[in-house]
Protein chains: 2
Amino acid sequence: MKAEEVKVTFQPSGRSVFVLPGTLLLEAAGRAGVVLQTPCGGRGTCGKCKVRIVAGSCVAAPAAERILPAEQVQAGYRLACQTYVEQERLVIDIPAESRFEAADQILTGHADRGMTLRPVITKRFFRLAAPTKLDAGSDAARLRAAVGAVEIPFALLRRLPGFLRSHDWQGTAVLAGNRLLGLEAGDTSAQAYGVAVDLGTTTVVGTLFSLATGEEKAVSSMMNPQVGFGDDVISRISRVRENDGALAELQQTAVKAINALIRRLGESAGVHARDMYEIVIAGNSTMQQLFCGLDPSALGEMPFVQVFDGALTLQAATLGLAVNPGAEVFVFPQIGGFVGGDTVAGMLAARLDHAGRPALLIDIGTNGEIVLAHDGRFQATSTAAGPAFEGARIVQGMRATAGAIEKVVLRDEVLLNVIGNTRPVGICGTALIDAVAELLRKGIIDETGRILSAADVPPGVPDPLLARLTEADGQTNFVLARAGESASGEPIYLWQKDVRELQLATGAIRAGVNILLRRVGLAPGDLGSVLLAGAFGNFIRRSNARRIGLLPQISGDRIHFIGNAASLGAKLALLSADERECADRLRRKTEHVDLSLDPEFQMEFGMAMMFPSEELDDLAREERVGARP
Amino acid sequence: MKAEEVKVTFQPSGRSVFVLPGTLLLEAAGRAGVVLQTPCGGRGTCGKCKVRIVAGSCVAAPAAERILPAEQVQAGYRLACQTYVEQERLVIDIPAESRFEAADQILTGHADRGMTLRPVITKRFFRLAAPTKLDAGSDAARLRAAVGAVEIPFALLRRLPGFLRSHDWQGTAVLAGNRLLGLEAGDTSAQAYGVAVDLGTTTVVGTLFSLATGEEKAVSSMMNPQVGFGDDVISRISRVRENDGALAELQQTAVKAINALIRRLGESAGVHARDMYEIVIAGNSTMQQLFCGLDPSALGEMPFVQVFDGALTLQAATLGLAVNPGAEVFVFPQIGGFVGGDTVAGMLAARLDHAGRPALLIDIGTNGEIVLAHDGRFQATSTAAGPAFEGARIVQGMRATAGAIEKVVLRDEVLLNVIGNTRPVGICGTALIDAVAELLRKGIIDETGRILSAADVPPGVPDPLLARLTEADGQTNFVLARAGESASGEPIYLWQKDVRELQLATGAIRAGVNILLRRVGLAPGDLGSVLLAGAFGNFIRRSNARRIGLLPQISGDRIHFIGNAASLGAKLALLSADERECADRLRRKTEHVDLSLDPEFQMEFGMAMMFPSEELDDLAREERVGARP
């Protein structure tokens, strides 16, 4: 049975999603790609996730009425973490201060993650006095007296005398730190742009910023066209190992994709490519090395060795990027093995260096990376856990695109949410987690992960759910959408095999977390916070992720979604040299843990595949549709 | 009358010169390009200029017998500053410790100018452990652990993984400071060479050194082929100002010349060009800028502006030098106007920063540069004084090559020394100074520079000299070589006009010296030392230079020849990073003085053209042939 979905539109981005009535506004916003501030963990106590209902209506929660001034509540302000979508279509305005974005942070100077705009790239307009007999210093000295003790590359030194004399001794110096990067006629100091690139195995996201103001000008994303060479990093590495010329081909493919993004960003913001002076790249080790043309072959075999670890600063022209020819490319530092620049960027965005209590960062993308912060030191590891969450290896799995079942709730019947509000085509990662968690709660799946036959199910399960259990090849599967409900006319199942895949993926992450914790003598309960990052992370229901053991069994107020942390980290590094230094410090303080070396990994992994037997109940109310009193 | 000359051959260089009997060995060595240590100023008190007579004989001076052990005197050891060439052909061995050369200084560690071999270019053989599961750091980190925290340029980072794995994790890292410059298979750490280039307006001298041992391997020189574009810097600058493309042409001409030198040096020492990793260039502002392709047009008009002042570190490949493609080129810092890298190199070689008392450095090449060191600060200026000393603008003038009269002594008759022991063709700079000084002593030239007619000459001048005074166009000239004595069969004169040219050249330098002294409130007598540099400087007779006012009227023990200081400075910078830093400190502490801006310059210049009326007598004995008691 498919419930009637409601359209919710968010301003100022204009993005819309369809959600079930009873969905939290916070969750709906997340689905629309809008991450809100939730320092209190969504308990309705901090008031930071305040939004305004522009069209439609929602009841104000008692918490909102305690926190917000009465006139604001009257004007339609609500706390997104406490307010539920009802039957009516909604248009919701997100105030800048509620958004969780780097640029906003710069403008509002939020204390927790305040960042001073101090980009590496700066521009300085200069007006020099022409030389006289009494002031006959060299051209270079004259320029330096105006713009600081800059290093002048030879090609620019050759241009300098002609430039100064033909432009009446004035112009704009483009600087990268203390290195002169270009000389431009007139005052172009306001025209300085940079692009932060989150270079994922599957998706590439680029964000264009003004380096003069810190303002975000445009964002654009596309499929990483390297998927044509293989879906995951291992297949792309194999390609390089087996074919001469594949490295160059993969490198050029990445550069072309980024050039396409740059073109789109420039068009949408009306910014010339020649005014873009810096590109920041954050990706996993394989993506970063392929982009740079650095042979990743050694990542394709034990002991998984990277070419570099410290950050790289390269010339855009060397790599073939279609921006200003003098532009710089900053490639994030890497930690080891498959723990790459995206993890460092995520640690930076999550401010792991400021964690007062032990903190855990879990970033689930095509791979899963885990970082544990404790006493100012860090341990990081990666697992191949991601694919299942992206729908890979799931019988009727698919990515979270139109037609994907993205949410499953079990009451007396099955309630589904489908992306794009169409008939379902398949199931994506979040719904997989939902389905298994809900079936665990009903007793239809047991702790070992077996889907019980109708005869074995404990009493009390409603008949319509029992009717969905079907046998095939001696295993039981669960019908999520009946033949008549799906796009193809065929039923969509949760297969027993899918549950096994989820157990493997979840077990890998859980075992990783447990091993990292044990290495420093901590238990899950010692964690002050669990930060869930990655595009996928945004859409997970914490209660369900915790139910299946993907997240530790700690109270919900310690579990935070931090959005696409790698992308946010890339933005921070673009806008602040201090953040880059911080990234390098984080790298140096981080130990790379190879889980396969831990003598207890196999044992831990086996145990972690078992689902937890009990459930913490603190999140049930706010996240499970229909559970609202 | 031409006296019988004696051949003197110096070992180990094998160079020979022909000199008049009665010439000091010190002077003969200088003529052969061998500069000896003379810390005592040639007074016979320090014993540093000790040489050994291998064939022929010379009487030992009393000073030598006081200083040298008796058995050494018996074995033929003499003090070059106290010993005179007699009638016999000589072969003289110069012990390494008596030679005044950078490489020797390194080996002997002479306290005054001790230099630690610490070249910017170093090579380190490394043997890395292959990565294991327990030691899986990145390739870059593994290399750095062995060779230090080096910066790895991107092109080398791309080569790194393949290099390490195909060479069994060992090889040689070539470093420029902390920057990786190359990776070589096997242990090549002994094969590291560099070339110091003294890039003169007229002559280019290259010296090949082993950077591993500091040893000088070969030296070679050639005419600067840019003379085809004009003899002096002004004509070459005009060429650039007037012709598009001339800058590139002049740049390539310089590079081709240096490449030819590099080829010769490599052949003569058996060293591959690919093992040369560094070129140090010291030249005047115009030569350095032309070599770099940096437009010198602004040096062609008031206020004479340079493109750069701090040292440049460039890529050999960018400039087209035929050495290792990764090699670096160090171009000396410049001070201002026409005071360029050769002056800084000279200051470095002269250790002006260690001068305890005020010191004056005078470097006479195609231009003349003057530096005054006082209280840890420096003033530098340049004059166009050089050409006359190189024979330019002198009626029968020529360079100091075969056939040039290079020394003139007046006794009852004229004694001449001709380079190559042939009939004279013309007169070079040293002989011009000699002739004028000697004629001043005889009273034949008066203080105003006029050559008196025979009738006006004071009594006591021998008749054969009076007979050489001839009248033409109302002026008197002096016959140096009679018609029958010269190569052409025509007489060679010292023309009245030549004396005027010498007065202009000498006056410019003397005025420069006086103005620099006055700016800091000093008089010539306050000078602790006058250091005479430049190839030309080596051959000047101090007593004669002082007589005509080219050198200040101070006692001879304060006047030192320091040889080709620019070339020596280039060698120091090649062999020691500390020396480079010192060069930059010297530059920053040096004020460029534009003489034309001094309100008293014209007055000073006019007065300086008058010859001094009196003569200090302390040097007469040792330098004037025939004056030996």
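Numbering of residues starts from 1 in each chain and follows the order in which that chain's sequence is written. Labels are handed out in written order, letters beginning with A for the chains and numbers beginning with 1 for the ligands. At least 70 in pLDDT is required for a residue's local features to be given in this predicted model, at least 80 for side-chain atom pairs to be given and counted, and no such filter applies to totals for whole chains, interfaces and linings, which use all residues.

Participant: It is not clear to me how the overall build of chain A should be interpreted in this structure. Could you clarify?
Facilitator: Helix numbering and strand numbering both begin at the N terminus, where a helix is a DSSP run of H or I of at least 4 residues and a strand a DSSP run of E of at least 2. Secondary structure summary: chain A contains 20 helices and 26 strands in total. Put simply, the radius of gyration uses C-alpha atoms, and a globule should come to 2.2 Å times the residue count raised to 0.38. A compact globule built from 629 residues should have a C-alpha radius of gyration of about 25 Å, and chain A, at 26 Å, falls within 12% of that. The burial label depends on the number of other C-beta atoms within 10 Å of a residue's C-beta. Counts of 20 or more mean buried, 12 or fewer mean exposed, and intermediate counts mean partly exposed, with C-beta atoms placed from the backbone. Here chain A, with 629 residues, has 55% of them falling under the buried criterion. Contact between two residues is assigned whenever their backbone-derived C-beta positions fall within 7 Å. Look at the contacts in chain A between residues 6 or more apart in sequence, and 67% of them connect residues 24 or more apart.

Participant: Mind showing me how you'd approach the sheet that holds strand β19 (residues 414-418) of chain B here?
Facilitator: By definition, the strands of a sheet pair up through backbone hydrogen bonds, in either a parallel or an antiparallel sense. Residue and element names in this part refer to chain B. Spatial ordering of the open sheet is given by β19-β18-β20, a layout of three strands whose pairing is mixed. This sheet does not close on itself; its edge strands, each paired only once, are β19 and β20 (426-427). Criterion used throughout: strands pair if DSSP finds at least two bridges between them. Bridge count for strand β18 (residues 404-410) against β20 is two bridges, and the pairing is parallel. Paired with A404 across the bridge in β20 is G426.

Participant: What exactly am I supposed to notice about the sheet that holds strand β22 (residues 475-481) of chain B here?
Facilitator: Residues and elements named next belong to chain B. One open sheet accounts for three strands, arranged β21-β22-β23; its pairing is antiparallel. Bordering the open sheet on either side are β21 (469-472) and β23 (492-494), each of which pairs with just one other strand. Strand after strand, the sheet turns through a mean of 45° between neighbouring axes, direction not considered. Here four bridges tie β21 to β22, and the two strands are oriented antiparallel to one another. Considered in β22, the bridge of E471 is made with T476. Lines fitted to C-alpha atoms define the axes, with helix axes restricted to the stretch in contact, and inter-axis angles between N-to-C directions lie between 0 and 180 degrees.

Participant: Looking at this structure, I do not really get the confidence of the model for chain A. What am I missing?
Facilitator: The predicted structure's coordinates, where accompanied by low pLDDT, should not be read in detail. Residue and element names in this part refer to chain A. Confidence in the prediction for chain A averages 89 pLDDT; 94% of positions are at 70 or higher. Scored below 50 in pLDDT, residues 102-113 makes 23 contacts in the model with residues more than four places away or belonging to other chains. In the model, residues 625-629 has pLDDT below 50 throughout and makes 13 contacts with residues more than four positions away in sequence or in other chains. This complex was scored by the predictor with a pTM of 0.81 and an ipTM of 0.82. As a per-residue measure, pLDDT tells how confident the predictor is, with possible values from 0 to 100.

Participant: How do you make sense of the pairing of strand β17 (residues 377-383) of chain A when you look at a structure like this?
Facilitator: The two faces of the sheet receive side chains in turn, since in a regular strand these alternate between them. Extensive coverage of β17(A) is indicated by the burial of six of its seven residues. Counting the residues that bridge the hairpin from strand β16 (residues 368-374) of chain A to β17(A) gives two residues, and of these D375(A) lies at a positive phi of roughly 55°.

Participant: So what exactly am I meant to see when it comes to the relation of the copies chain A and chain B here?
Facilitator: Mapping between the two copies of the chain is achieved by a rotation about an axis and a shift along the axis. Taken as rigid bodies, chain A and chain B are interconverted by a rotation of 180° and an axial shift of 0.1 Å, the fit giving an RMSD of 0.1 Å. The symmetry that links the two subunits is that of a two-fold axis. Mapped onto chain B, 97% of the interface residues of chain A again fall at the interface, so both copies present the same surface. In superposing the copies, a least-squares fit is computed on C-alpha atoms, taking residues whose pLDDT is at least 70 in both.

Participant: Whenever I open this one, the domain arrangement of chain A confuses me. Can you help?
Facilitator: One frequent convention defines the size of an interface as the accessible area lost when the parts assemble. One can read the domain layout of chain A as domain 1 (6-100), domain 2 (121-184), domain 3 (193-341), domain 4 (350-384 + 503-564 + 595-622) and domain 5 (395-494). Where each domain starts and ends follows an automatic or database-derived domain assignment. Centre-to-centre separation of domain 2 of chain A and domain 5 of chain A, based on C-alpha positions: 68 Å.

Participant: Explanation requested: the environment of D231(A) in the structure shown.
Facilitator: Relative to the elements of secondary structure, D231(A) occurs in the loop between β11 (216-223) and α7 (233-242). Counting along the chain gives 330 residues from D231(A) to F561(A), while the straight-line C-alpha distance between them is 26 Å.

Participant: Please clarify how the environment of A212(B) should be interpreted in this entry.
Facilitator: Residue and element names in this part refer to chain B. With respect to the secondary-structure elements, A212 resides in the loop between β10 (203-210) and β11 (216-223). Between the C-alpha atoms of A212 and T122, which are 90 residues apart in sequence, the distance is 7.5 Å. Leave out the neighbours within four places in its chain, and A212 touches S189, A190 and A192.

Participant: How do you make sense of helix α15 (residues 496-519) of chain A when you look at a structure like this?
Facilitator: Working note: α-helix, 3.6 residues per turn, so residues spaced by three or four point in the same direction. Residue and element names in this part refer to chain A. Given a helix with a known number of residues, its expected span is that number minus one, times 1.5 Å. In a regular helix each residue adds 1.5 Å, so 24 residues correspond to 34 Å; α15 covers 34 Å between its end C-alpha atoms and thus fits that length. Within α15, 17 of the 24 residues are buried, which leaves it mostly tucked inside the rest of the structure. The positive-phi residue at the C-terminal boundary of α15 is G521, with phi of around 70°.

Participant: How do you make sense of the interface of chain A and chain B when you look at a structure like this?
Facilitator: The interface is formed by 33 residues belonging to chain A together with 32 residues belonging to chain B. Counting residues per element, the ones that place at least two in the side of chain A that touches chain B are α5 (139-147) and α6 (154-166) of chain A. For the side of chain A that touches chain B, the element with the highest residue contribution is α6(A), accounting for six residues. The residue inventory of the side of chain A that touches chain B, partitioned by class, reads 18 nonpolar, nine polar and six charged. Any residue outside Ala, Val, Leu, Ile, Met, Phe, Trp, Tyr, Cys, Pro, Asp, Glu, Lys and Arg is labelled polar, Gly included; the first ten of those are nonpolar and the last four are charged.

Participant: Just checking my understanding: could you explain the nonpolar core for this structure?
Facilitator: Nonpolar side chains in soluble globular proteins tend to be buried together. In this usage, the nonpolar core is the set of buried Ala, Val, Leu, Ile, Met, Phe, Trp, Tyr and Cys residues whose C-beta atoms join them within 7 Å. Counting 404 residues, the largest nonpolar core has L480(A) and L480(B) as the members making the most contacts within it. Not counting the four nearest positions on each side in its chain, L480(B) is found in contact with I405(B), V408(B), V414(B), L416(B), I427(B), A435(B), I492(B), Y493(B) and L494(B).

Participant: I keep staring at helix α7 (residues 233-242) of chain B and nothing clicks. Help me out?
Facilitator: Residues and elements named next belong to chain B. Within the span of α7, buried status applies to V233, R236, I237 and V240. Each buried residue of α7 sits inside an arc of 100° when the element is viewed along its axis, so together they form one side. Contacts made by the buried residues of α7 are with α8 (246-269) and α9 (285-292). The arc refers to the directions leading from the helix axis to the C-beta atoms.

Participant: So what exactly am I meant to see when it comes to the pairing of β10(B) here?
Facilitator: Residue and element names in this part refer to chain B. Here β10 lies mainly inside the structure; seven of its eight residues are buried. Here strand β9 (residues 193-199) pairs with β10 via seven bridges, running antiparallel. What sits directly across from V195, in β10, is L208. In textbook terms, the turn of a hairpin is the stretch between consecutive antiparallel strands, and for β9 and β10 this stretch comprises three residues. Bridge count between β10 and β11: seven bridges; the pairing is antiparallel. Across the sheet, residue V205 finds its bridge partner in β11, namely S221.

Participant: I tried to follow unusual backbone geometry on my own but got confused; where do I start?
Facilitator: Excluding glycine, a negative phi dihedral is what most residues carry, and trans is how most peptide bonds are arranged. With an omega dihedral of -5°, the bond running from M302(A) to P303(A) counts as a cis peptide bond. Mapped onto the elements of the fold, P303(A) is located in the loop between α9 (285-292) and β13 (312-315). Although it is not a glycine, R351(A) sits at a positive phi angle of roughly 50°. Of note, R351(A) is situated in the loop between α11 (341-349) and β15 (359-364). Even without glycine at this site, D473(B) takes up a positive phi of about 50°. Along the chain, D473(B) falls in the loop between β21 and β22. For D473(B), a count of 7 C-beta atoms within 10 Å gives the class exposed.

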